[in-house]
Amino acid sequence: MDCVELRRRFLGARALLLLPAAALLASGCASNQARVDSEDRRSAPAATAAATTVAQIRTDVDPLKRRFPQLGELSATKWIGRTLGKDGGSGVPGPTDVSLDGFAQVDPATLASITGGGTWTEQGIDCPVPGALAAELGDTKSAWLHSESFDRTVTQSQYSGSFYFDKRNSRVFFCTVNPKSRLD
C-alpha cells in the first residue's frame, strides 16, 4: 500500500469519526436556540424570530419583570438578549449561555427604596455595554450606584448579574448571563 492510498483511507476513517460529533454539535445549537425562543415567546410573540439576534433591541418589559421582580415596575426599557459563544459573542461560555443586557426606567420611589439601604458605591458600569445601547445611556464611567449585595439578592446566586442605578434619571442598567425567571 503506498502513501497516497494510506492517506486516503486515514482521511476517510477520520471523516466517519467526526460525522457524529458534527451532528451532535448541530443538534445542541438548535436546541439552545429553541430554548431561548420558547422562553420569550410567551411575552413577545411577534418578535420571536429576532429575539436572540445580536444587537436586536427589544422594548418589551414582561421578560424583565419575570427575571427581575425586585426592580418593581419597569418602563421605557431597551435591552438585548443574545446567545453567547456565537456571532461575535464571547468564545468562553458554552453554546447554552444567554446574556440579557439593557436598561429600564424604574419608579423613583422604588429606586429610593432599593438604594436607601445597604452598601452602595458610586462607580462606572463594569460590564460591557452593547454598542447599540451606549449612546442612550450616556456616561457609563461614573455616577452609577452599585451594590454586590443587591446583585446577589436579585440573582439569588443562581446566575451572574450586575445592576447599576442612575438616580438622576431613575434608570437601572443590568448585565446578566443566564438570568432565571422568578415568576413561572
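The structure presented is a predicted model; accordingly, all values stated were derived computationally and were not measured.

### What about the overall build of the protein?
Looking only at helices and strands, one finds five helices and six strands in the protein. Its helices and strands taken in sequence order, the protein reads α-α-β-β-α-β-α-β-α-β-β from the N to the C terminus. Going through the 184 residues of the protein one by one, you find that 38% of them count as buried. Nonlocal contacts in the protein, meaning residues at least 24 apart in sequence, comprise 57% of its contacts between residues at least 6 apart.

### Considering the packing of aromatic side chains
As enumerated under the stated definition, the model contains six aromatic pairs in all. Between F68 and F174, the aromatic rings sit 5.3 Å apart at their centres with planes inclined by 50°, giving tilted as the arrangement. One end of the pair, F68, is in the loop between α2 (62–67) and β1 (74–83); the other, F174, is in strand β6 (residues 171–177), with 106 residues separating them in the sequence. Of the two residues, F68 and F174, neither departs from the other in class, the shared state being buried. Relative to F150, the ring of W120 has its centre 5.7 Å away and its plane inclined at 40°; by these criteria the two rings are tilted. With W120 in the loop between α3 (108–115) and β3 (121–123) and F150 in helix α5 (residues 148–155), this residue pair connects regions lying 30 residues apart in the sequence. Taking the relative accessible area as the measure of exposure, W120 reaches 16% and is therefore buried. Among the aromatic residues, those joined into a cluster by ring pairs are F68, W120, F150, F163, F165 and F174. Here the basic side chain of R171 rests over the ring of F103, its NZ or CZ set 5.9 Å away from the ring centre.

### Points about the sheet that holds strand β2 (residues 98–106)
As summarised here, the arrangement of the six strands in space is β1-β2-β6-β5-β4-β3, forming an open sheet in which the pairing is antiparallel. Both edges of this open sheet fall to β1 and β3, since each of them pairs with a single strand only. Neighbouring strand axes in the sheet, compared pairwise and without regard to direction, differ in orientation by 25° on average. Alignment of β1 against β2, held across eight bridges, turns out to be antiparallel. The partner of K78 across the bridge, within β2, is F103. Across the face of the sheet, α3 comes into contact with β2, β4 (144–146) and β5 (160–166) while running at roughly 115° to β5. This element, α5, spans β4 and β5 of the sheet and lies at about 125° to β5.

### A short note on the state of the cysteines
Where two cysteines share a covalent bond between their sulfur atoms, that bond is called a disulfide. Within this structure, the stated rule accounts for one disulfide. Residue C127 pairs covalently with C175 via a disulfide, S to S 1.9 Å. Every disulfide takes its handedness from the sign of the S-S torsion; for C127 and C175 that torsion is -90°, giving left-handed. Within this pair, whereas C127 is found in the loop between β3 and α4 (131–137), its partner C175 is found in strand β6, the two being separated by 48 residues in sequence.

### Quick word on the side chain of D60
With respect to the helices, strands and loops of the structure, D60 is situated in the loop between α1 (3–41) and α2. Overall, D60 belongs to the buried group, its relative accessible area being 18%. A polar contact of 2.6 Å, which involves the side chain of D60, links it to the side chain of R58.

### Describing the nonpolar core
One finds L64, F68, L71, F150, F163, F165 and V172 to be the most contacted residues of the largest nonpolar core, which totals 19 residues. The element best represented in this core is β2, accounting for three residues. When sequence neighbours within four positions are dropped, the list of residues in contact with F163 reads F68, L71, L145, H146, F150, D151, V154, T155, V172, F173, F174 and T176. Core analysis: the second largest hydrophobic core is formed by 10 residues, L133, L137, Y164 and C175 among them.

Conventions and cut-offs
- Residues numbered from 1 in each chain as written.
- Predicted model: local features only at pLDDT ≥ 70, side-chain atom pairs only at ≥ 80, totals over all residues.
- Heavy atoms only, no water.
- Helix = DSSP H or I, 4+ residues; strand = E, 2+ residues; numbered from the N terminus.
- Buried < 20%, exposed > 50% of the residue type's maximum accessible area, 1.4 Å probe, protein only.
- Contact = heavy atoms within 4.5 Å.
- Phe/Tyr/Trp six-rings, centres within 6.5 Å; stacked < 30°, edge-to-face > 60°.
- Lys NZ or Arg CZ within 6 Å of the ring centre and 35° of its normal.
- Pairing = 2+ DSSP bridges.
- Axes fitted to C-alpha atoms, helices over the stretch in contact; angles between N-to-C directions.
- Disulfide = S-S within 2.5 Å.
- Polar contact = N/O pair within 3.5 Å; in protein donor to acceptor, adjacent residues only side chain to side chain.
- Core = buried A, V, L, I, M, F, W, Y, C linked by side-chain atoms within 4.5 Å.

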